[in-house]
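# Geometric and topological summary
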Amino acid sequence: MAADAEFEPILAGSEPSTGEMELEERASLRRISGLSTELEDITEVEYRRLRLERVVLVGVWTEGDAEHADASLAELARLAETAGSEVLEGIIQRRDRPDPGTYVGSGKVRELRDLVASNGADTVICDGELSPGQLRQLEEKLKVKVVDRTALILDIFAQHARSKEGKAQVELAQLQYFLPRLRGWGEAMSRQAGGRAGANGGVGTRGPGETKLETDRRSVHKRISKLRKELAAMKTVRGTKRSRREANEVPGVAIAGYTNAGKSSLLNALTGAGVLVEDALFATLDPTTRKAVTPEGRPHTLTDTVGFVRHLPHQLVEAFRSTLEEVASADLLVHVVDGSEGSPHEQVAAVREVLSEISEEHSDMPPELLVVNKIDSVDATRMAELRRLLPEAVFVSAHSGKGIEGLREIIADRLPRPEVFVDALIPYTRGDLVARLHNDGEVVVEEHTPEGTRIQAKVRPDLASLIEPFAAHGAA
């Protein structure tokens, strides 16, 4: 598959990038079918792998056409495969709204139970977020584990998180999701000693006691509080780094888009960053910022952000808010769209919906540059259709490099330009200032005189203040 191509640089003996090494590690830990998780012999500990889950998918079609419902279930299948499962079967039910008791009706539950038994499935994944009651009833009736779309996405995020901040964000989202779904059986519902049994403990120990479930809930609340404090501290550090860039007035470009649209590939194509690229949903979660220069040499930063998906769990939006704020603070938003997908306009709408949630706290969002990627995977007819659907977009292929140079020029044209005009005579002993004027500004006129370099340029305010002592006041 495409993964083999990713390893070619490693097999050829060249120096692998960070992304290539991470991809090799991830592939080596992929779940293997048919291996038990139970050890029969202590020597097996070196070779044990997680058992591949066999799943059946079920969706409820409440709006849109049949094609839209099929696309949603197909995306659920890709999510399940990314999580390491084997998809056996999928069914869709047409309803005005999901059944409040079992998500699907009682008749469909019986059909689903037979389907699970005949396929030997051990898990059912629902294409929606289940209430605690729906989850409990489905598991009781189907006699297998039931997972909803939200829990599935959270599981993928937990597998792919690498940084300390990413792991904390995912854990916070998982705890927020599971808190109302905590259930107790057997010992979990027993109470700590109270009444006469707890009389010897003195004041505060008498009474009905506390169930294990209540203890678990209190522990979860404490952990959520601790994670929020840790993330607040990380947000401060991230804000400090961002403020330094803003103080130096280095323009920033944020790359956002639907998951697996090719954001990391585009970052690599524009900067040579070498970040992880994998044909999987949510392959990269941690934001990556790299330096870049425009064709005329102006520096700026490019930041790859976490991917979006239809019905992205609100817990993840909340937990990743500090990361997603990188988009709001950028000078330009490069919105990447997968041109090989059947409904690119729906992906664009899903991304903009999440961005609108973030923009509620930010009065101004950066201007958007729509970029359709993977055009090397579509034919001429499809290209014509894409140009009709997304007339304002730029069309590129990060894999082949087609259109990348044109994209660089468009990004350079849309970045904010220096606004302060300076006219200075800089002595030859301050060649460093002349170099900065060339690197960070737009030189209009440059002339070498016996006294020094006479230069006229447009620069940022911070650089203009450094040039002020050498200003050629009143010079013609």
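Use the structure listed above.
Below, the structure is looked at part by part. (Residues numbered from 1 in each chain as written. Predicted model: local features only at pLDDT ≥ 70, side-chain atom pairs only at ≥ 80, totals over all residues. Heavy atoms only, no water.)

## Some points on a positive patch on the surface
Among the surface-exposed residues, Arg 110, Arg 113, Lys 141 and Lys 143 lie close enough to one another that they form a single positively charged patch. Take Arg 113: it is sitting in helix H5 (residues 106-119). For Arg 113, a relative accessible area of 37% translates into the label partly exposed. (Patch = residues over 30% accessible without salt bridge, like charges linked within 9 Å, V, L, I, M, F, W, Y side chains within 5 Å. Areas by Shrake-Rupley, 256 points an atom, 1.4 Å probe, with all protein chains shown as cover. Salt bridge = Lys/Arg side-chain N within 4 Å of Asp/Glu carboxyl O. Lys, Arg positive; Asp, Glu negative; His and termini not counted. Charge placed at Lys NZ, Arg CZ, Asp CG, Glu CD. Helix = DSSP H or I, 4+ residues; strand = E, 2+ residues; numbered from the N terminus. Buried < 20%, exposed > 50% of the residue type's maximum accessible area, 1.4 Å probe, protein only.)

## Re the nonpolar core
In this structure, Phe 282 and Phe 308 are the most contacted members of the largest nonpolar core, which totals 51 residues. Apart from residues lying up to four places away in sequence, Phe 308 is in contact with Ala 256, Gly 257, Tyr 258, Thr 259, Phe 282, Leu 324, Val 351, Val 354 and Leu 355. Counting 20 residues, the second largest nonpolar core, distinct from the first, contains Leu 332, Val 336, Leu 407 and Ile 411. (Core = buried A, V, L, I, M, F, W, Y, C linked by side-chain atoms within 4.5 Å. Contact = heavy atoms within 4.5 Å.)

## What about helix H15 (residues 404-414)?
Looking at H15, one finds that the buried residues are Ile 404, Leu 407, Ile 411 and Ala 412. Relative to the axis of H15, the buried residues are bounded by an arc of 140° and lie together on one face. Facing away from the buried side of H15 by over 90 degrees, the exposed positions are Glu 405, Glu 409 and Asp 413. Buried-residue contacts for H15 involve strand S5 (252-257), helix H10 (263-271), strand S7 (299-304), strand S8 (332-338), strand S9 (368-373) and strand S10 (394-395). (Arc of directions from axis to C-beta.)

## Notes on the sheet that holds S7
In space, the 6 strands of this open sheet follow the order S6-S7-S5-S8-S9-S10, with mixed pairing throughout. Since the sheet does not close on itself, it has two edges, and those belong to strand S6 (288-293) and S10, each with one partner. Examined bridge by bridge, S5 and S7 share 4 bridges and lie parallel to one another. Note on S7: the bridge partner recorded for Val 253 is Leu 302. (Pairing = 2+ DSSP bridges.)

## Quick notes on the sheet that holds strand S2 (residues 86-94)
Pairing is parallel in the open sheet, where 4 strands are placed in the order S2-S1-S3-S4. Edge positions in the sheet fall to S2 and strand S4 (145-148), since each has one partner strand and no second. Going across the sheet, the axis of each strand differs from the next one's by a mean of 25°, ignoring polarity. With 8 bridges joining them, strand S1 (residues 54-61) and S2 adopt parallel strand pairing. When the bridges of S2 are listed, Val 55 appears paired with Val 87. Helix-sheet contacts for helix H6 (residues 132-142) involve strand S3 (123-126) and S4, and the interaxial angle to S4 is about 145°. (Axes fitted to C-alpha atoms, helices over the stretch in contact; angles between N-to-C directions.)

Remember that the coordinates give geometry; whether it matters functionally is a separate question.
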